[in-house]
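Structural characterization, general
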Amino acid sequence: MKVAVAYNNGEIAENFGSCTVFASYDYTGEYVTEREKALLECEPMAQPHQVAELLAQNHVEAIICGNMSADAKNILLSRGVIPIAGFCGDADTAADMLVTGQLPMDDGASGGGCSGCCGSCGGGCGGQDDDSCGCGDGGSCGCGE
């Protein structure tokens with residue numbers, strides 16, 4: 001599986017639309033320790049369709065970010081990239097969590113992720129309201145707390 005994360009100094013970037021660097025993780029084996037990481041750079045102020053094309057050309061299957069507009073989600077989905085918004089924290093950890101099934105992946109139709117980023121899992125994470133939602137330790141939405 002190939003996953004990208006909107007990237008800002010090792011953390012998940014807050015906003016997909018203003019991100020200029022994406023970390024790409026290529027998971028080649030059955031363990032999360034078997035991955036290659038590369039940085040993909042795009043032009044500042046690139047349009048969502050340009051970013052979606054960059055991700056699609058690099059065979060990215062899903063993108064994790066903090067916030068993303070509905071238009072950007074639709075553009076990504078049209079290129080076969082699943083948008084996963086509403087997360088913050090360490091980028092490497094979030095990518096690993098997604099691949100191991102600990103970070104929920106949706107079809108982009110819902111807001112995805114956890115409401116209030118770094119808060120509770122209410123309203124996100126597969127509809128569960130308790131600490132078992134798989135969003136990191138204690139329902140922390142993957143944040144590096």
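Residues numbered from 1 in each chain as written. Predicted model: local features only at pLDDT ≥ 70, side-chain atom pairs only at ≥ 80, totals over all residues. Heavy atoms only, no water.

1. Observations concerning the side chain of lysine 2
Relative to the elements of secondary structure, lysine 2 occurs in strand β1 (residues 2-8). As a buried residue without a salt bridge, lysine 2 has its nearest oppositely charged side chain in aspartate 26, at a separation of 4.6 Å. Of the polar contacts made by the side chain of lysine 2, one reaches the backbone oxygen of asparagine 58; its length is 2.9 Å. When residues no more than four places from it in sequence are discounted, the contact partners of lysine 2 are Ser24, Tyr25, Asp26, Asn58, His59, Val60, Glu61 and Ala62. (Helix = DSSP H or I, 4+ residues; strand = E, 2+ residues; numbered from the N terminus. Buried < 20%, exposed > 50% of the residue type's maximum accessible area, 1.4 Å probe, protein only. Lys, Arg positive; Asp, Glu negative; His and termini not counted. Salt bridge = Lys/Arg side-chain N within 4 Å of Asp/Glu carboxyl O. Polar contact = N/O pair within 3.5 Å; in protein donor to acceptor, adjacent residues only side chain to side chain. Contact = heavy atoms within 4.5 Å.)

2. Quick word on the packing of aromatic side chains
By the definition in use, this model includes one aromatic pair. When the centroid spacing of 5.8 Å and the interplanar angle of 55° are considered together, the rings of phenylalanine 16 and phenylalanine 22 count as tilted. Across the pair, phenylalanine 22 and phenylalanine 16 agree in class, each one buried. (Phe/Tyr/Trp six-rings, centres within 6.5 Å; stacked < 30°, edge-to-face > 60°.)

3. Describing the pairing of strand β5 (residues 62-65)
In β5, alternate side chains face the same way, and those of Ala62 and Ile64 on one face and Ile63 and Cys65 on the other are all buried. Here β1 pairs with β5 via three bridges, running parallel. Its bridge partner lying in β5, valine 5 is registered against isoleucine 64. Here four bridges tie β5 to strand β6 (residues 82-85), and the two strands are oriented parallel to one another. Paired with cysteine 65 across the bridge in β6 is alanine 85. Once you follow β5 into helix α2 (residues 70-78) and on to β6, the crossover reads as right-handed. (Pairing = 2+ DSSP bridges. Right-handed = clockwise from strand over helix to strand, strands pointing away.)

4. Describing the state of the cysteines
Counted by the stated rule, this structure contains zero disulfides. Not engaged in a disulfide, the cysteine cysteine 65 finds its nearest cysteine sulfur in cysteine 19; these two sulfurs lie 8.6 Å apart. (Disulfide = S-S within 2.5 Å.)

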